[in-house]
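# Per-entry structural report
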Amino acid sequence: MKSAALPIPATARPASDPRGRTVLWGGLALLVALVGVGAFLPRWLVFLLTMAASHGLVSLGILLLMRSGVVSFGQGLVFSVGGYAGALCFNQLGITDALLLTLVGGLAAMLVALPFAPLLARYRGIFFAMLTLALSMVCYGVLVKTNSLGGSDGFNMGRPTLLGQSLSDERVAYALYGVTVVVSGVLALLARVYFDSTRGLIAQAVRENELRVEYLGGSVRQAVALNFGMAAFAGGCGGALTVMSLGHIDPNFSYWTTSGEFVFVAILAGSQSVLAVFVASTLLEVVRSFSNLYFPNTWQLSLGLFLLLMIRFLPGGIGSLWTKKK
């Protein structure tokens, strides 16, 4: 006998929730404000915020997985695949538009990740984390040994265009900042809508009680696999955006320390707020930048102490400052 579908209150959906509409309009207003403010910021700060937004997008994928009760330690896999896909399309296929390259990076990462989704959806806890880490390190090993992709040195990428317009030296930093902020903001708003949707609430229920979800007719493995695919798309987009700003890509995009930084941001942000992911990513970039400037040989120690202080005094993450745990 087929089980009944998992019941989700209609009030949880943003289409009928005034608070949900308020959050979306507020997010759009913040997005417009950030793009406008960027025009008046110094170039070094524009670059820092660009990196924070693109890396925050990768950590947003980890947040998607955290809400279903698992954490990926191999987000560097999709980050590197998205970056390499964007750079190769630019160099080999002549695709230069920044928005199109971002989409290519996201789709390529998702296509690489999806075949592993059914397998990973069967595991939880440390097993899921280690399997994703293993996939990321396999990718790193392949990239290092592939001479056609530059080996351990990687390769450079030229300057992208935007909507058919070339970008001058004075405009390129702000243009890429605008693209990164807009793409990250749109995907963050879509993630917020997903969290409040039926599928999103089922994924959250998986974290609380898998057995009850199955009894009510929901599919636990399907929920985890779906979140894994969406996390891959977000990570691939983040990788492509990062490569366009840096102008270079190498296998370290897939190294375990890179994945660890994304997990660092996700833990710092907590699983309650999408905005907190980007706030945490910005804090990480600021702390890393100034620590590397004043303590070049011990900046990792500064990051570790910062995380310890956050865990001690703000265990629910940055998002707990303005949201209540559901």
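Let us look at the structure shown here.

Conventions used here
Residues numbered from 1 in each chain as written. Predicted model: local features only at pLDDT ≥ 70, side-chain atom pairs only at ≥ 80, totals over all residues. Heavy atoms only, no water. Salt bridge = Lys/Arg side-chain N within 4 Å of Asp/Glu carboxyl O. Helix = DSSP H or I, 4+ residues; strand = E, 2+ residues; numbered from the N terminus. Buried < 20%, exposed > 50% of the residue type's maximum accessible area, 1.4 Å probe, protein only. Axes fitted to C-alpha atoms, helices over the stretch in contact; angles between N-to-C directions. Parallel < 35°, antiparallel > 145°, perpendicular 65-115°, else oblique. Left-handed = near helix turned anticlockwise from the far one by under 90°. Contact = heavy atoms within 4.5 Å. Phe/Tyr/Trp six-rings, centres within 6.5 Å; stacked < 30°, edge-to-face > 60°. Lys NZ or Arg CZ within 6 Å of the ring centre and 35° of its normal. Polar contact = N/O pair within 3.5 Å; in protein donor to acceptor, adjacent residues only side chain to side chain. Patch = residues over 30% accessible without salt bridge, like charges linked within 9 Å, V, L, I, M, F, W, Y side chains within 5 Å. Areas by Shrake-Rupley, 256 points an atom, 1.4 Å probe, with all protein chains shown as cover.

### Observations regarding the pattern of salt bridges
A complete count under the given rule lists 3 salt bridges for this structure. The salt bridge partner of Glu 285 is Arg 288, with a shortest N-O separation of 2.7 Å. Here Glu 285 pairs with Arg 288, and both are found in helix α12 (residues 274–294), just 3 residues apart, close to one helical turn. Using a relative accessible area of 9% as the deciding quantity, one classes Glu 285 as buried. We classify Arg 288 as buried; its relative accessible area is 15%.

### Concerning the packing of α12 against helix α13 (residues 299–313)
Relative orientation of the contacting elements α12 and α13 amounts to 140°, with a least axis distance of 8 Å. When the axis of α12 is compared with that of α13, the two are oblique. The crossing of α12 and α13 is right-handed. Only Trp 299, Ser 302, Leu 303 and Phe 306 of α13 make contact with α12, whose side of the interface consists of Leu 283, Leu 284, Val 287, Arg 288, Ser 291 and Asn 292.

### Some thoughts on the environment of Asn 252
Relative to the assigned elements, Asn 252 resides in the loop between β2 (248–249) and α11 (256–269). We classify Asn 252 as partly exposed; its relative accessible area is 42%. Look past the residues within four positions of Asn 252 in its chain and what remains in contact with it is Tyr 140 and Thr 258.

### What to know about the packing of aromatic side chains
Counted according to the given criterion, the structure contains 8 aromatic pairs. Ring plane angle 90° and centroid distance 6.3 Å describe the contact between Phe 128 and Phe 228, whose orientation is recorded as edge-to-face. In this pair, Phe 128 is assigned in helix α6 (residues 125–145) and Phe 228 in helix α10 (residues 220–246), connecting sequence segments 100 residues apart. Phe 228 sits in the buried class, given a relative accessible area of 8%. Summarising the aromatic geometry, the rings of Tyr 140 and Tyr 255 are spaced 4.8 Å apart at their centres and angled 50° between planes, so their arrangement reads as tilted. With Tyr 140 in helix α6 and Tyr 255 in the loop between β2 and α11, this residue pair connects regions lying 115 residues apart in the sequence. When its relative accessible area of 26% is taken as the criterion, Tyr 255 is described as partly exposed. An aromatic cluster of three or more residues is present, and its members are Phe 79, Phe 253 and Phe 262. The ring of Phe 195 has Arg 67 sitting right over it, with the charged end atom 4.1 Å from the ring centre. Arg 312 extends its terminal NZ or CZ atom over the ring of Phe 313, reaching a point 5.1 Å from the ring centre.

### Description of the side chain of Thr 50
Looking at the element boundaries, Thr 50 is found in helix α2 (residues 43–66). Judged by relative accessible area, Thr 50 falls into the buried class, the value being 2%. In this structure the side chain of Thr 50 is engaged in a polar contact, spanning 2.7 Å, whose partner is the backbone oxygen of Val 46. When sequence neighbours within four positions are dropped, the list of residues in contact with Thr 50 reads Leu 176, Tyr 177, Thr 180 and Ser 245.

### Overview of a nonpolar patch on the surface
A surface patch of nonpolar side chains, amounting to about 600 Å² of accessible area, comprises Leu 30, Leu 34, Leu 275, Val 279, Leu 283, Leu 321 and Trp 322. Secondary-structure elements contributing two or more residues to the nonpolar patch are α1 (18–38) and α12. By residue number, the principal contributor to the nonpolar patch is α12, which donates 3 residues. Summarising the element assignment, Leu 34 is placed in helix α1. According to the relative accessible area criterion, Leu 34 is partly exposed, its value standing at 38%.

### Points about the environment of Phe 233
Its location among the elements puts Phe 233 in helix α10. Along the chain, Phe 233 and Leu 308 lie 75 residues apart, while their C-alpha atoms are 30 Å from each other. Once residues lying within four places of it in the same chain are set aside, the contact partners of Phe 233 are Leu 103, Gly 106, Leu 107, Met 110 and Leu 187.

### Some remarks on the side chain of Thr 258
Counting through the fold element by element, Thr 258 comes out in helix α11. Owing to a relative accessible area of 16%, Thr 258 belongs among the buried residues under this scheme. Those residues within four positions of Thr 258 in sequence are excluded, and the remaining contacts are Phe 79, Asn 252 and Phe 253.

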